[in-house]
Amino acid sequence: VQGHEPPDPPDLGCLVQASRRLATEIAGTVPGRCKFAATRTRFRRFRVHGKFPRCLNLLETPTSGHVVFDGEDLLAPKVDLDRLRSRMGMVFQQFNLFPNMTALKNIMLPQMDVLKLSRKDAEARAMELLEKVNMTHRAHVYPNRLSGGQKQRIAIARAVAMNPKVMLFDEPTSALDPEVVHDVLDVMAGLAADGMTMVVVTHEMGFARKVADRVVFIDGGTIAADLPPGEFFSESNTNPRIRSFLEKVL
């Protein structure tokens, strides 16, 4: 991300400042090369950590700067935003499944509408992904009969079905019961092992330590640290703000 300094009082421009180096890296990465974990923080009344992934695919519009993905600026006047978004998978906190469709059809629909796959091919791909997230036994169940963890695994499968170049996760486990968090994190760890480029805003520090290639710590609207997990979580990391944060969450 490149751009001007944020306005005062702060608004989404502060997010552009906070995200500048990270999103620049995302723009040029090859799938499998980077898995980021952005740790939680707040900037006055703005949920910087939640706004960040939404700004990367323009579900929220930054007030300044540029978001460059695959060599194209998402904020350019004539950019084909739908085409670029189709290369980004997005997983939300609240699942956002279609309530009137079964788990299977939730995964099939975007493949048929966006990728123009036949119903047969979309169903085959959906079943393959349901198996990957251990949900084949719930393929024909509607979302209101699924647990939160099951819904999130379906949402991840739906995003992966679009063959994205990058997956954006906005605190994917924050709305889940502690007992089912592990199931969702296992699915995400499997994606990382398969070579998926991921940007994960998370408060699951154990997951970040295990899976991330880089940990970006955003504090007060700016990047306070951008380190490999081994360095970020190391006892030798003497940054007082990071030490204070880790003491509270680990």
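So, here's what we can say about the structure. (Residues numbered from 1 in each chain as written. Predicted model: local features only at pLDDT ≥ 70, side-chain atom pairs only at ≥ 80, totals over all residues. Heavy atoms only, no water.)

Before going further, it helps to spend a moment on the packing of aromatic side chains. Taken as a whole and judged by the stated rule, the model has three aromatic pairs. Aromatic pair phenylalanine 217 and phenylalanine 245: ring centres 5.0 Å apart, planes at 55°, arrangement tilted. Of the two residues, phenylalanine 217 is situated in strand β7 (residues 214-219) and phenylalanine 245 in helix α10 (residues 240-249); the sequence distance between them amounts to 28 residues. You can call phenylalanine 217 buried: its relative accessible area is 0%. Relative to phenylalanine 233, the ring of phenylalanine 232 has its centre 5.0 Å away and its plane inclined at 80°; by these criteria the two rings are edge-to-face. (Phe/Tyr/Trp six-rings, centres within 6.5 Å; stacked < 30°, edge-to-face > 60°. Helix = DSSP H or I, 4+ residues; strand = E, 2+ residues; numbered from the N terminus. Buried < 20%, exposed > 50% of the residue type's maximum accessible area, 1.4 Å probe, protein only.)

Turning next to the pairing of strand β8 (residues 222-227). Across five bridges, β7 lies against β8 in antiparallel orientation. Directly across from aspartate 219, in β8, lies its bridge partner threonine 222. Hairpin connection from β7 to β8: two residues lie between these consecutive antiparallel strands, with glycine 220 at a positive phi of about 65°. (Pairing = 2+ DSSP bridges.)

A few words on the pattern of salt bridges. Pairs may arise between side chains of opposite charge once their charged atoms sit close together. As enumerated under the stated definition, the model contains nine salt bridges in all. The partner of aspartate 70 in a salt bridge is arginine 87, and the shortest N-O contact between them spans 2.8 Å. Taken together, the residues aspartate 70 in the loop between β2 (68-69) and β3 (72-73) and arginine 87 in the loop between α3 (81-85) and β4 (88-91) connect sequence positions 17 residues apart. Take arginine 87: its relative accessible area is 24%, and that puts it in the partly exposed class. Residue lysine 165 pairs with aspartate 70 through a salt bridge whose shortest N-O separation is 3.0 Å. Of this pair, lysine 165 sits in the loop between α6 (148-160) and β5 (166-170) while aspartate 70 sits in the loop between β2 and β3, and the two are 95 residues apart along the sequence. One continuous salt-bridge network, built from bridges that share partners, spans Asp70, Arg87 and Lys165. (Salt bridge = Lys/Arg side-chain N within 4 Å of Asp/Glu carboxyl O.)

With 16 residues, helix α7 (residues 178-193) should cover 22 Å at 1.5 Å per step; its first-to-last C-alpha distance of 23 Å lies within 8% of that length. Residues of α7 that are buried include every one of Val181, Val184, Leu185, Val187, Met188, Ala189, Leu191 and Ala192, and no others. Looking one or two places after α7, you find glycine 195, whose phi comes out positive at around 100°. (Expected span 1.5 Å × (residues − 1).)

Scope: geometric values only; no functional claims are made or implied.
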